[in-house]
Amino acid sequence: MNPNFRLASIALSTLSALALCACGGGSSSSSAAADNSAVSVTVPVPATVSVGDPLTFTGKAASNAGAISKLYWQIETLTLGADSVTGVSNADCKTVTTDSSGTNCVLSLTPPAKLSSDVTYKLSFFAVDAKGNQSNSFTTLKVLQSASITNNPSVKVGADATVTSGDKVSLSCTGSGGTPASSGNAYAYQWVVSDAAGLTLSLTNPATAAASFVAPLVTQSTIIKLQCRVTDDKQRTGTATQSITINPVVKPTVVPISTSGGNVQPGASASLDGSKSTMYDVNGKEVTGQAMYFLWQYKSGPAGATPLTIYNAGSSVASVVFPAVVTAPTSYTFTLNVSTAPIAADGSSADPVKQRDVAFFVSALPAISVTSYNLVQSVNSGASVQLKAETPSNTNSTVPIYFGWTQISGPAVALAGSGSQIAGFFAPAVTAPTTLQFRVSAGYYPVTVANPGTASADLIVQVLPN
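Conventions adopted
Residues numbered from 1 in each chain as written. Predicted model: local features only at pLDDT ≥ 70, side-chain atom pairs only at ≥ 80, totals over all residues. Heavy atoms only, no water. Helix = DSSP H or I, 4+ residues; strand = E, 2+ residues; numbered from the N terminus. Rg over C-alpha atoms; globule rule 2.2 N^0.38 Å. Buried < 20%, exposed > 50% of the residue type's maximum accessible area, 1.4 Å probe, protein only. Contact = heavy atoms within 4.5 Å. Lys, Arg positive; Asp, Glu negative; His and termini not counted. Charge placed at Lys NZ, Arg CZ, Asp CG, Glu CD. Pairing = 2+ DSSP bridges. Phe/Tyr/Trp six-rings, centres within 6.5 Å; stacked < 30°, edge-to-face > 60°. Lys NZ or Arg CZ within 6 Å of the ring centre and 35° of its normal. UniProt positions renumbered as here; feature names shortened; annotations may be inferred. Disulfide = S-S within 2.5 Å. 1 Å grid on protein atoms, 1.4 Å probe; cavity = no way out; pocket = protein on both sides within 12 Å on 5 of 7 lines; lining within 4 Å. Points joined across faces, edges and corners; volume = space filled by probe spheres on them. Nonpolar A, V, L, I, M, F, W, Y, C, P; charged D, E, K, R; others polar.

This part takes up the overall build of the protein. Helix and strand counts for the protein come out as zero helices and 32 strands. Scaling as 2.2 N^0.38, a compact globule of 466 residues should have a C-alpha radius of gyration of about 23 Å, whereas the protein reaches 37 Å, well beyond that. Along the first, second and third principal axes, the C-alpha set of the protein runs to 125 × 65 × 30 Å. Taking all 466 residues of the protein together, the buried fraction comes to 41%. Put simply, 66% of the contacts in the protein that link residues at least 6 apart link residues at least 24 apart. Looking at charge distribution, the protein has the averaged site of its 22 positive side-chain charges lying 4 Å from that of its 21 negative ones.

Written as structure tokens, this is what we have:
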């Protein structure tokens with residue numbers, strides 16, 4: 001082995017008079033004293049790993065002006081805040097091998113054990129020959145969060161994308177690993193803008209795995225970055241970042257704007273208002289007085305629900321009526337489509353169609369409670385008996401409540417009004433005190449065997465002999 005091999009530092013003080021020349025992925029410069037083109041350097045192609053096993057990278061150097069006298073590797077962290085790699089050995093190239101194609105130096109390292117997101121490292125390889133000629137090249141190592149042993153959730157986001165101003169951009173994120181919740185949502189999701197590049201972004205549904213936004217107006221190609229944060233049941237968090245390139249428009253375009261959405265009550269009529277949508281020309285100037293075309297579409301609602309009817313769906317301002325009976329908090333989403341050309345019923349148009357989703361959240365009706373002011377009655381044989389149900393939690397509700405009466409025990413009687421709030425019967429003839437038990441059930445839908453209601457109460461009638 002050449003005795004001149006030793007541990008190299010980031011800067012070579014003994015070679016400060018020499019400049020570096022470009023080779024491969026690195027950079028260098030030349031001087032009159034050295035022919036840096038004489039040295040060739042090769043490194044492995046960029047690598048991505050998802051496990052924390054030890055890794056090796058072989059750098060090769062050769063010179064047509066003399067033997068290689070000095071080699072070394074330099075490791076840089078390109079991801080802000082990331083831990084350094086561990087188990088680094090032979091970065092100073094004290095151990096090399098030589099073959100007919102040049103001198104080889106094998107760098108060994110291990111990815112860091114604790115990762116909260118994907119991280120990238122730059123591995124640069126430097127070579128100097130006996131005449132002072134030098135060159136360098138680099139490769140990259142991307143370590144995915146799944147290589148972590150911290151049991152934080154691993155996060156995957158959609159591929160980087162290129163869009164145009166005014167486009168609707170869908171973001172997708174999935175979590176795995178960590179400690180997911182055993183019931184309900186396994187993870188909590190949160191999308192944030194990590195680099196807006198000076199733009200203003202408004203995210204739709206940022207607290208879900210699938211968020212979206214409308215690409216803002218730009219006058220030159222601009223890259224923004226959005227980060228998805230996934231938190232597990234132990235409040236451990238993993239992150240991943242998706243890059244979106246936004247290009248300026250190449251013809252007049254529209255940007256859909258809605259003043260709709262928010263919280264509504266069951267049975268409410270709401271406006272779907274896209275009248276604030278704007279149009280821009282190719283220079284990013286707002287255009288007024290030119291026609292824009294609209295189409296409102298139903299996108300999603302409760303599982304199995306019939307799509308809601310949109311009235312005047314082809315105009316900038318449409319309307320919708322929400323179901324009167326909603327027993328659990330429910331969300332409905334509608335899509336506003338806007339274009340500079342007419343839009344067909346299927347959403348197609350001769351010009352690009354821009355979209356924006358609008359979400360409404362419908363509150364649930366109050367839970368029904370049922371009772372009676374005469375839970376226990378005592379009557380004589382042959383008497384007329386009235387059974388009356390009360391729903392104190394729904395005294396101000398305008399939504400009808402349905403009732404159903406059944407006899408639970410005692411001599412069978414003929415119940416009149418068994419499907420109404422008030423039922424009745426004639427007390428049977430008895431020779432000894434006899435107890436009859438009745439049950440009333442109530443719900444927002446007709447009470448049947450298949451739909452027994454959501455609340456019930458039992459009433460007791462004691463019949464005395466005459």
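Burial along strand β27 (residues 376–380) is one-sided: the residues Gln377 and Val379 are buried and none of Val376, Ser378 and Asn380 is. Relative to strand β32 (residues 455–464), β27 runs parallel, the two sharing five bridges. Looking across to β32, one finds that Gln377 is bridged to Val461.

According to the stated counting rule, one finds 10 aromatic pairs in the structure shown. Pairing Trp73 with Phe125 gives two aromatic rings, centres 4.7 Å apart and planes at 35°, and the pair type is tilted. In this pair, Trp73 sits in strand β4 (residues 68–77) while Phe125 sits in strand β8 (residues 119–129), placing the two residues 52 residues apart along the sequence. You'll find Trp73 and Phe125 in the same group, each marked buried. With centroids separated by 5.8 Å and ring planes inclined at 75°, the aromatic side chains of Tyr298 and Phe334 adopt a geometry described as edge-to-face. Taken as a pair, Tyr298 in strand β22 (residues 293–300) and Phe334 in strand β25 (residues 330–339) lie far apart in primary sequence, 36 residues in all. Taken together, Tyr298, Phe322, Tyr332, Phe334 and Phe360 form an aromatic cluster joined through their ring pairs. Lying over the aromatic face of Phe138, Lys122 brings its terminal NZ or CZ to 4.4 Å of the ring centre.

The sites that carry the UniProt feature "domain: Ig-like" (unreviewed entry) are, in the present numbering, residues 153–245. Helix makes up 0% of residues 153–245 and strand makes up 55%, while its end C-alpha atoms are separated by 27 Å.

What the rule picks out here adds up to two disulfides. The residue that forms a disulfide with Cys93 is Cys105, at a sulfur-sulfur distance of 2.1 Å. The S-S bond linking Cys93 to Cys105 shows a torsion near -95°; that makes this disulfide left-handed. You can see Cys93 sitting in the loop between β5 (86–89) and β6 (96–99) and its partner Cys105 sitting in strand β7 (residues 102–110), a full 12 residues away along the chain. We note that Cys93, like Cys105, is buried. What pairs with Cys173 in a disulfide is Cys228, and their sulfur atoms sit 2.1 Å apart.

Turning to the environment of Cys228, a few remarks are in order. Considering the arrangement of structural elements, one finds Cys228 in strand β15 (residues 222–231). What Cys228 contacts, discounting residues up to four positions off in sequence, is Val155, Val157, Cys173, Tyr189, Gln190, Trp191, Gly238, Thr239 and Ala240.

Considered as a void within the structure, the largest pocket measures approximately 510 Å³ in volume. Taken together, 18 residues line the largest pocket, and the ones lying closest to its centre are Asp118, Lys142, Ala240, Thr241 and Ser243. Elements with a contribution of two residues or more to the lining of the largest pocket: β8, β10 (153–157), β15 and β16 (237–247). Broken down by element, the lining of the largest pocket gets its largest block of residues, four residues, from β16. Residue composition of the lining of the largest pocket, grouped by class: four nonpolar, nine polar and five charged.

On to unusual backbone geometry, then. One non-glycine residue with positive phi stands out, namely Ala197, at about 55°. Within the element layout of this structure, Ala197 appears in the loop between β13 (188–195) and β14 (210–214). Backbone geometry places Gln235, a non-glycine residue, at a positive phi of 65°. Locating Gln235 in the fold gives a position in the loop between β15 and β16.

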